[in-house]
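The lines below spell out each chain.
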Amino acid sequence: MSIHQRFFAGFVLALAGGALVGVIATAGLGQAGASAAAGVLGVLLAAGIGAAHHLARRISAPLRELEDAMHRVAEGDFMAAAPAPTRDAEIASLTASFTQMRDRLKDTMISLELAVENLHDKQEQLVEVEKLASLGRVAAGVAHEINNPLAVINEKAGLLQDFLEVSGDFKHRERFGT
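Residues numbered from 1 in each chain as written. Predicted model: local features only at pLDDT ≥ 70, side-chain atom pairs only at ≥ 80, totals over all residues. Heavy atoms only, no water.

## A short note on the overall build of the protein chain
Counted only if it meets this: Working definition: helices are DSSP H or I runs of at least four residues, strands are E runs of at least two. Numbering for both runs from the N terminus. Accessibility here uses a 1.4 Å probe with only protein chains present; expressed as a share of the type maximum, an area under 20% marks a residue as buried, one over 50% as exposed, and anything in between as partly exposed. Working rule for contacts: check all heavy atoms of both residues, and any pair within 4.5 Å makes them a contact. In short, Shrake-Rupley with a 1.4 Å probe defines the accessible areas, and a residue's cover is counted only from the protein chains shown.
Regarding its fold elements, the protein chain presents three helices and zero strands. Going from the N terminus to the C terminus, the protein chain shows its helices and strands as α-α-α. By residue count, 13% of the 178 residues in the protein chain fall in the buried class. A separation of at least 24 residues holds for 56% of the contacts in the protein chain among residues at least 6 apart in sequence. Only carbon and sulfur atoms are counted for the fraction: they give 65% of the accessible area of the protein chain, which is about 13,500 Å².

The following block contains the structure:
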């Protein structure tokens, strides 16, 4: 049962109770007086029901609009409009709070989306850095493997040159460049 229905039912019960008290109070007026009092009470009851219905609609309609806007925001529609301004201070306060909450939530979502985008960019940069680091390690390994035999060859060539300087003449010496 909605707030509108509960308010309306409570108001009708209060009016009906008042009518019953009025009928009991007019019991000593006689037939004509009782009829007149019943008529007046009937009109008052109808007016009360109409007033209660109008008041309940005036309160519940903006609340329903606010509830619908909240559901739209919960589904991700941050453009959901708050209900139109009303003369009721409580509903106006709820509407202002809703608008503030919606705007903060929208700002937070934008910040989170930017943070996620930034995180993806950093992750891509990290992958590139890892690739370059791996390439550097491979290049260092290849250079080490090439330098080891070259160092040995260089050392042997130096040793051979020293040996040629120390040694005397021998057959085919000119082939060694000395």
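## Thoughts on the environment of L105
Tracing the chain through its elements places L105 in helix α3 (residues 89-166). When neighbours within four sequence positions are excluded, L105 is seen to be in contact with V73 and F78.

## A word on the side chain of R102
As a reminder of what qualifies: Polar contact is the term for a pair of N or O atoms within 3.5 Å; when the atoms are in protein, one must be able to donate a hydrogen and the other to accept it, and sequence-neighboring residues count only if both atoms are side-chain atoms.
On the secondary structure map, R102 appears in helix α3. Classification of R102 by relative accessible area gives buried; the value is 13%. Within polar-contact distance, the side chain of R102 engages the backbone oxygen of A80 at 2.6 Å.

## As for the confidence of the model for the protein chain
Where we set the bar: The quantity called pLDDT is the predictor's confidence in a given residue, expressed from 0 to 100.
For the protein chain, mean pLDDT is 79; residues scoring 70 or higher make up 76% of the total. Averaged over each element, pLDDT in the protein chain is lowest for helix α1 (residues 3-25) (53) and highest for α3 (90).

## Describing the side chain of T95
Considering the arrangement of structural elements, one finds T95 in helix α3. Overall, T95 belongs to the buried group, its relative accessible area being 12%. Contact partners of T95, with chain neighbours within four places excluded, come to L66, A82 and P83.

## A closer look at the nonpolar core
Which entries qualify depends on this criterion: Definition used in this section: a nonpolar core is a set of buried Ala, Val, Leu, Ile, Met, Phe, Trp, Tyr and Cys residues joined via side-chain atoms within 4.5 Å.
Among the nonpolar cores identified, the biggest contains six residues, and these are L66, A69, V73, F78, A80 and F98. Of all the elements, helix α2 (residues 30-74) adds the most residues to this core, at three residues. Filtering out sequence-adjacent residues up to four positions away, F78 remains in contact with V73, R102, L105, K106 and M109.

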